[in-house]
Amino acid sequence: MALTGLQIQKLLPKTNCKECGSNTCLAFAMKLAARKADISQCPYASDEAKRVLGEAYEPPVKAIQLGPDKSLKLGEETVLYRHEKTFVHQTALAININDTDAPDVIDQTLENIKNYIIERVGEEIGIDMVAVTQESDDTEAFVKLAQKAWETVKRPLILRSSNPGALAAAAEAVKGSGSVLASATPKTADELRAAAQENDHALAITAPDLNELVLFTAKLKTDGFNDLLLNFQSHSLSEQLQINSIARRAAIKNNYKPLGYPSLTFLQAHDHDLLEDTVGAVTEICKYGGICVLPSFDPAQLAALITLRLNIYTDPQKPIQVEPKLYAVGEPKPDSPVFVTTNFSLTYFIVSGEIENSGISAWLLVPECEGMSVLTAWAAGKFSGVTIGKFANDIKLDDQVTNREIVIPGFVSQISGELEENMPGWKVHVGPQDAADLESFIKARLN
Ligand code: SF4
């Protein structure tokens, strides 16, 4: 529960010494309440004040950081629905390998995971994790496979076994990888907690129902270990969706800490049904999955899931932007035509794609428009003859191209005169309103 400024002030020394940069302790407390300051700025804050404030401002879903550099982040969610604010850390996708798989299948899968990259809206996205599952009784083989997966792919692992001794040995073998041990039961908790703690891994825990899981997380937290993931047990997709929703609702709406952890789900459809697995993964991405383990590598499935995940986890408050600059589409020469559009990612990718489709090479001038689309940017005064002309001048466009003809989007034909005034010596062409018509425009007007 968030504290008010007055409640926070009672925890501070009240000496008004100003060392935190605020004139009074109350002013500093107000900043803390608004999350515009950090308690570490007060050198005299007591341990009790730090503890109380730390707990009060902890996100309802705990942050778990994985990987050798802790760069894979899960949890820290604060809302149930994306439109309320934003989702923070996206569902991590992992591919499973079993220690009973044929060696050539394992090698091929690891290579596929290592090399898989998909580009979406200017971002290169790969597979986040590898799950290594022990199906055999051979601890040594399991440990060796974990080492091999880590050395080949260099991404955090999910080590999965029902044998706590094998998990502990594998945890030690990949120490420093910032992986997950899966999954501790109340019986194996002590041994696996020690293995996770000593080797700097997180621990997934499981129990037959939510009541037992709640007791389990509370006990581990009391014992001093809190890097946990929840591996819910369910018998169907609908049950999985229901449990994910109950846990997340309890954590966010009731600030119920024993269920405030990211989840870990292993998908395994009956008869290895790819469609069923995909529906399971879609459910995890849309409804609160922390890590989702896919049973096999399928690039088409991954492309769909990653695209969906980008949509769900894009911050609706921040338009996706590309860097403002002069882009080369194809292999333009100095006398190639110049087009201009805004730096809203979607607009940029559509326009550059349509220019590419037309078969010509061209320059695409993309000024800073705060990620707005053409009409919005124009209405906000960010995409005018003055701003485009200034940007062209700032990047010395005249020195980079010899062509002096620029094509503006048809929706802003009204800026053509102003743009010619601000780009002396340039002729402005009004292009089509719809980017889909660029190809025919280029063929009719520029070829
Ligand atoms: Fe008060 Fe601490 Fe700021 Fe000094 S540094 S004014 S004690 S909050």
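One structure accompanies this document, and this report is about it. Predicted model only: the values in this text are computed from it and were never measured.

**Focus: the overall build of the protein chain**
Piece 1. Assigned secondary structure in the protein chain consists of 17 helices and 17 strands.
Piece 2. In terms of overall dimensions, the protein chain has C-alpha extents of about 80 × 70 × 35 Å along its principal axes.
Piece 3. In the protein chain, which comprises 447 residues, the proportion classed as buried is 48%.
Piece 4. Long-range contacts, defined here as pairs at least 24 residues apart, represent 65% of the contacts in the protein chain between residues at least 6 apart.
Piece 5. Total accessible area on the protein chain is roughly 21500 Å²; 51% of this is exposed by carbon and sulfur atoms.
Piece 6. One way to put it: in the protein chain the 41 positive side-chain charges average out to a point 9 Å from where the 58 negative ones average out.

**Observations concerning the packing of helix α6 (residues 164-173) against helix α7 (residues 189-199)**
Piece 1. Interhelical geometry of α6 versus α7 gives an angle of 0 degrees and a closest axis separation of 9 Å. Of the possible angle classes, the one that applies to α6 and α7 is roughly parallel. Mapping the contact onto sequence places Pro 164, Gly 165, Leu 167, Ala 168, Ala 171 and Glu 172 in α6 and Glu 191, Leu 192, Ala 195 and Asn 199 in α7.
Piece 2. When the residues that make up the contact of α6 with α7 are grouped by side-chain class, the tally is 6 nonpolar, 2 polar and 2 charged.

**Notes on the sheet that holds strand β7 (residues 157-160)**
By definition, the strands of a sheet pair up through backbone hydrogen bonds, in either a parallel or an antiparallel sense.
Piece 1. Strand order in this open sheet of 8 strands is β10-β9-β8-β7-β6-β3-β12-β11, and the pairing throughout is parallel. A strand with exactly one partner marks an edge of an open sheet, and here the two such strands are β10 (228-230) and β11 (264-266). For this sheet, the mean inter-axis angle between neighbouring strands, taken without regard to orientation, is 25 degrees.
Piece 2. In this structure, strand β6 (residues 129-133) lies alongside β7, joined through 4 bridges in parallel fashion. Residue pairing in the sheet places Ala 131 in a bridge with Ile 158 of β7.
Piece 3. Contacting β3 (92-98), β6 and β7, helix α5 (residues 139-153) runs over the sheet at an angle of about 170 degrees to β6.

**As for the pairing of strand β17 (residues 427-430)**
Piece 1. Taken together, the 4 bridges between strand β16 (residues 405-408) and β17 define a ladder with parallel strand orientation. Residue Ile 408 lies in a different strand from β17, and its bridge partner there is Val 430.

**What to know about the side chain of Thr 341**
Piece 1. Looking at where Thr 341 falls in the secondary structure, it is placed in the loop between β14 (338-340) and α12 (345-357).
Piece 2. Judged by relative accessible area, which is 2%, Thr 341 ranks as buried.
Piece 3. Apart from the residues within four sequence positions on either side, Thr 341 is in contact with Thr 347, Tyr 348, Val 351, Leu 364, Leu 365, Val 366, Pro 367, Val 374 and Phe 383.

**Quick notes on a nonpolar patch on the surface**
Piece 1. Residues Leu 6, Leu 26 and Met 30 make up a contiguous nonpolar surface patch of about 260 Å² in total accessible area.
Piece 2. Tracing the sequence through the fold places Leu 6 in helix α1 (residues 5-9).
Piece 3. Leu 6 sits in the exposed class, given a relative accessible area of 52%.

**Points about the pairing of strand β9 (residues 202-205)**
Piece 1. Judged by which residues are buried, β9 turns out to be covered on both faces: Ala 202 and Ala 204 on one side and Leu 203 and Ile 205 on the other are all buried.
Piece 2. For the segment spanning strand β8 (residues 180-184), α7 and β9, crossover handedness is right-handed.
Piece 3. The parallel pair β9 and β10, bridged by helix α8 (residues 210-222), forms a crossover whose chirality is right-handed.

**Thoughts on the nonpolar core**
Note that soluble globular proteins tend to have their nonpolar side chains buried in a common cluster.
Piece 1. Counting residues in hydrophobic clusters, the biggest one holds 68 residues, and the most contacted among them are Val 130, Leu 159, Leu 203 and Ile 205.
Piece 2. Residues contacting Leu 203, with those up to four places away along its chain left out, are Leu 181, Ala 184, Leu 192, Arg 193, Ala 196, Phe 225, Asp 227, Leu 228 and Leu 229.
Piece 3. Among the nonpolar cores identified, the runner-up in size contains 23 residues, and Ile 388, Val 401, Ile 406 and Ile 415 belong to it.

**Side note on α12**
Piece 1. Between the first and last C-alpha of α12 there are 18 Å, a value that for 13 residues agrees with the 18 Å anticipated at 1.5 Å per step.
Piece 2. When we look at burial in α12, the residues that qualify are Ser 345, Thr 347, Tyr 348, Val 351, Ser 352, Glu 354 and Ile 355.

**A few points about α6**
Piece 1. Where α6 is concerned, the buried positions are Pro 164, Ala 166, Leu 167, Ala 170 and Ala 171. Considered in projection along α6, the buried side chains sweep an arc of 155 degrees and stay on one side of the axis.
Piece 2. Where α6 is buried, its residues touch α5, β7, β8 and α7.

**Considering the pattern of salt bridges**
Piece 1. Applying the stated criterion across every chain yields a total of 13 salt bridges.
Piece 2. Between Lys 144 and Glu 140 there is a salt bridge, with the nearest N and O atoms lying 3.4 Å from each other. On the criterion of helical spacing, the pair formed by Lys 144 and Glu 140 is a turn pair, its members being 4 residues apart in helix α5. For the pair formed by Lys 144 and Glu 140, the shared burial category is exposed.
Piece 3. Among the salt bridges present, the one from Lys 219 reaches Asp 223, with a minimum N-O distance of 2.7 Å.
Piece 4. Residue Lys 219 is classed as partly exposed on the basis of its relative accessible area of 46%.
Piece 5. Taking relative accessible area as the criterion, Asp 223 reaches 32% and is therefore assigned partly exposed.
Piece 6. When salt bridges with common partners are traced through the structure, they connect Arg 193, Lys 219 and Asp 223 into a single cluster.

Calculation rules
Residues numbered from 1 in each chain as written. Predicted model: local features only at pLDDT ≥ 70, side-chain atom pairs only at ≥ 80, totals over all residues. Heavy atoms only, no water. Helix = DSSP H or I, 4+ residues; strand = E, 2+ residues; numbered from the N terminus. Buried < 20%, exposed > 50% of the residue type's maximum accessible area, 1.4 Å probe, protein only. Contact = heavy atoms within 4.5 Å. Areas by Shrake-Rupley, 256 points an atom, 1.4 Å probe, with all protein chains shown as cover. Lys, Arg positive; Asp, Glu negative; His and termini not counted. Charge placed at Lys NZ, Arg CZ, Asp CG, Glu CD. Axes fitted to C-alpha atoms, helices over the stretch in contact; angles between N-to-C directions. Parallel < 35°, antiparallel > 145°, perpendicular 65-115°, else oblique. Nonpolar A, V, L, I, M, F, W, Y, C, P; charged D, E, K, R; others polar. Pairing = 2+ DSSP bridges. Patch = residues over 30% accessible without salt bridge, like charges linked within 9 Å, V, L, I, M, F, W, Y side chains within 5 Å. Salt bridge = Lys/Arg side-chain N within 4 Å of Asp/Glu carboxyl O. Right-handed = clockwise from strand over helix to strand, strands pointing away. Core = buried A, V, L, I, M, F, W, Y, C linked by side-chain atoms within 4.5 Å. Expected span 1.5 Å × (residues − 1). Arc of directions from axis to C-beta.

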